[in-house]
Amino acid sequence: DQQVKQNSPSLSVQEGRISILNCDYTNSMFDYFLWYKKYPAEGPTFLISISSIKDKNEDGRFTVFLNKSAKHLSLHIVPSQPGDSAVYFCAASARFKKLVFGQGTRLTINP
Amino acid sequence: DSGVTQTPKHLITATGQRVTLRCSPRSGDLSVYWYQQSLDQGLQFLIQYYNGEERAKGNILERFSAQQFPDLHSELNLSSLELGDSALYFCASSVGGQGGSSYNEQFFGPGTRLTVL
């Protein structure tokens, strides 16, 4: 049972444009959501998070949006840069419970 | 560099064998988490230790076991290895997590790539 789903295995975006990565979840008990970024041969790196009391969190070029009624969150990267090319993992957690990761989306930024 | 170290980087072994993966958390972090990433799969949580004690358990097989030592480093033992155990194994650490919570930001090591032939 995949509680956190990233339905797009890959995404290709032109440099300078907006990248939008999507994530859906099924467990209504999830109340904390994170995005991790992973380069080849490295471990995932924390990028940005949001708790369920918010619907938006921004950090520089990165913004995460949470739609609780739709059980959907998205990560927006504006403007996209070549260094953003990586695999992005969405993750979710319910209070005092384990972190559940999605399968990841491979983002490629084209010059 | 996350500050989390894992050894070895690569491990190639045969079916039926036993291996030990090692993880040193960031200085000051009390929690250690182990994850498995198989081909085209997300990270699957295996187990968490906090200050030497098991705090949360995920989809960890009975053939696998882990422990956290007094110096807070952790080892993941995989035995009776099967072809399907071939994967990337990540260790992560965080400052908190006493209650088995994942609220604390986790810092990941570079992983150990296990290949079972």
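Quick caveat, the model's predicted, so the values are computed rather than measured.

Draft legend 1. Geometry of the overall build of chain A. Along its length, chain A carries zero helices and eleven strands. Traced from its N-terminal end to its C-terminal end, chain A shows the element sequence β-β-β-β-β-β-β-β-β-β-β. Against the compact-globule benchmark of 13 Å for 111 residues, chain A has a radius of gyration of 13 Å, which places it among compact chains. For the C-alpha atoms alone, the extent of chain A along its principal axes is close to 40 × 25 × 20 Å. Counting only residues that meet the buried cut, chain A has 45% of its 111 residues in that class. Sequence-distant contacts, at least 24 apart, represent 54% of the contacts inside chain A between residues at least 6 apart. Here chain A has roughly 5500 Å² of accessible surface; of this, 49% comes from carbon and sulfur atoms. Both charge centroids of chain A, one from 13 positive and one from 9 negative side chains, sit 5 Å from each other.

Draft legend 2. Molecular detail of the nonpolar core. Membership of the largest hydrophobic core comes to 25 residues, with the highest contact counts inside it found for A:Val4, A:Phe30, A:Phe33, A:Trp35, A:Leu73, A:Leu75 and A:Tyr88. Put simply, the parts of the chain that give this core at least two residues each are strand E3 (19-25), strand E4 (32-38), strand E5 (45-51), strand E7 (62-67), strand E8 (72-77), strand E9 (86-93) and strand E11 (105-110) of chain A. Not counting the four nearest positions on each side in its chain, A:Val4 is found in contact with A:Cys23, A:Asp24, A:Tyr25, A:Phe30, A:Cys90, A:Ala92, A:Val100, A:Phe101, A:Gly102 and A:Gln103. With 21 residues, the next largest nonpolar core counts B:Ile60, B:Phe64, B:Leu78 and B:Ala87 among its residues.

Draft legend 3. Examining the state of the cysteines more closely. Residues and elements named next belong to chain A. In total, this model carries two disulfides over all chains according to the counting rule given. Two residues share a disulfide in this structure: Cys 23 and Cys 90, whose sulfurs sit 2.0 Å from each other. Its S-S torsion of approximately -65° makes the covalent link between Cys 23 and Cys 90 left-handed. Placement of Cys 23 in strand E3 and of Cys 90 in strand E9 is noted, with a sequence separation of 67 residues between them. Just as Cys 23 is buried, Cys 90 falls in that class too.

Draft legend 4. Molecular detail of unusual backbone geometry. Here A:Val78 and A:Pro79 are connected by a cis peptide whose omega angle stands at -10°. With respect to the helices, strands and loops of the structure, A:Pro79 is situated in the loop between E8 and E9. Cis geometry marks the peptide bond from B:Thr7 to B:Pro8, where omega comes out at -10°. You can see B:Pro8 is positioned in the loop between strand E1 (5-7) and strand E2 (10-13). Of note, A:Lys71 is a non-glycine position whose phi angle comes to about 50°, a positive value. Looking at where A:Lys71 falls in the secondary structure, it is placed in the loop between E7 and E8. One non-glycine residue with positive phi stands out, namely B:Ser80, at about 45°. Considering the arrangement of structural elements, one finds B:Ser80 in the loop between strand E8 (74-78) and strand E9 (87-94).

The rules behind the values
Residues numbered from 1 in each chain as written. Chains lettered and ligands numbered in written order. Predicted model: local features only at pLDDT ≥ 70, side-chain atom pairs only at ≥ 80, totals over all residues. Heavy atoms only, no water. Helix = DSSP H or I, 4+ residues; strand = E, 2+ residues; numbered from the N terminus. Rg over C-alpha atoms; globule rule 2.2 N^0.38 Å. Buried < 20%, exposed > 50% of the residue type's maximum accessible area, 1.4 Å probe, protein only. Contact = heavy atoms within 4.5 Å. Areas by Shrake-Rupley, 256 points an atom, 1.4 Å probe, with all protein chains shown as cover. Lys, Arg positive; Asp, Glu negative; His and termini not counted. Charge placed at Lys NZ, Arg CZ, Asp CG, Glu CD. Core = buried A, V, L, I, M, F, W, Y, C linked by side-chain atoms within 4.5 Å. Disulfide = S-S within 2.5 Å.

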